[in-house]
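# Fold and contact review
Here's the letter readout for the chains.
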Amino acid sequence: MTYNLLIFSILFIGSSIFADEPLALITKSRGNAKYKISLESKYRSYAQVNTPLFNGNKIKTKAKSFAKIVYLDDRTTISVYPKTEVTINGTIENRMIKKQVDLTAGIVRVQVFGQLASQFKLTTPHSELTCYECDFWVLSDINKGEHFYKISGNGLVTNPTILKTLELANDSTIVSLKDTEMEIFQTPVTEKIYLESLMIDAGELPEQSEEELAMKIRLADQSPKTTSNIIEIRLKNALNIERTIILTYTK
């Protein structure tokens, strides 16, 4: 897989004479993940690994499905989780890709590496996120709006219907919905557990022990009347994946 990605990257860099060049490559696919060429009316059966993606190509995942997409110029990554539909867009300028991803609905994790030519842009039915270098989640629902959750970097979320922009903050979730005031609040433990479970199902994280998951679930479901003393020790590995050691005394 790495060898094929290298070959496509070399072809991408050296093929500026062609008008229609691939922007990205499918590097991982699980379950019922499909893709569609922009001019076609129907999705193809499977989004196979090493399939090149061009401007306007779409990816759609069913339940328990997953696909990972990597842009060819700088390895910016789009991880597409179950029940999600995205469109991969971009234009090539001086061998760099001006990137835009349109999220119709569902859940994606986006890892953007330093953009030199222009900002990366992600659009949803209600919002727009821009950044030069960032790592974040988006959970999009046509009725409930979007939840933006930052992992690292700096990004701005704009709601065009109310002309308001908020900056992504650590351990915080931004909620954006059409014609509704944007909200920002501390990310619930339950949401973090849910996102981690998606990564485990997709093979993007090592599985946690049953004891660790049970501890987090008990903490999330704790009664408001319960009194607890809690110490959290947060650790990050080389991939910037955060783990939390939770020490709790409950009475």
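In this text, all values refer to a predicted model and were calculated from it rather than measured experimentally.

## Re the overall build of the protein chain
- Each helix and strand counted, the protein chain has 3 helices and 16 strands in total.
- When each of the 251 residues of the protein chain is scored for burial, the buried share is 42%.
- A sequence separation of at least 24 residues applies to 44% of the contacts in the protein chain between residues at least 6 apart.
- Total accessible area computed for the protein chain in this model is approximately 13,700 Å², and 54% of it derives from carbon and sulfur atoms.

## A closer look at the nonpolar core
- Ile59, Leu122 and Phe136 are the most contacted members of the largest nonpolar core, which has 34 residues in total.
- Take this core: its biggest share by element is 6 residues, from strand 8 (residues 96-112).
- If we ignore the near neighbours within four places in the chain, the residues touching Phe136 are Val108, Arg109, Val110, Phe120, Leu122, Leu129, Tyr149, Lys150, Ile151 and Leu168.
- Counting residues in each nonpolar core, the second largest holds 13 residues, with Ile107, Leu195, Met199 and Ile200 among its members.

## Comments concerning the pairing of strand 7 (residues 84-93)
- In terms of strand pairing, strand 4 (residues 57-61) meets strand 7 through 5 bridges, oriented antiparallel. Bridge pairing in strand 7 links Asn57 to Ile88.
- Sheet topology note: the strand 7/strand 8 ladder contains 9 bridges and is antiparallel. Along strand 8, the bridge assignment pairs Ile88 with Val101.
- Where strand 7 hands over to strand 8, the hairpin turn is made up of 2 residues, of which Asn94 adopts a positive phi near 55°.

The rules behind each value
- Residues numbered from 1 in each chain as written.
- Predicted model: local features only at pLDDT ≥ 70, side-chain atom pairs only at ≥ 80, totals over all residues.
- Heavy atoms only, no water.
- Helix = DSSP H or I, 4+ residues; strand = E, 2+ residues; numbered from the N terminus.
- Buried < 20%, exposed > 50% of the residue type's maximum accessible area, 1.4 Å probe, protein only.
- Contact = heavy atoms within 4.5 Å.
- Areas by Shrake-Rupley, 256 points an atom, 1.4 Å probe, with all protein chains shown as cover.
- Core = buried A, V, L, I, M, F, W, Y, C linked by side-chain atoms within 4.5 Å.
- Pairing = 2+ DSSP bridges.

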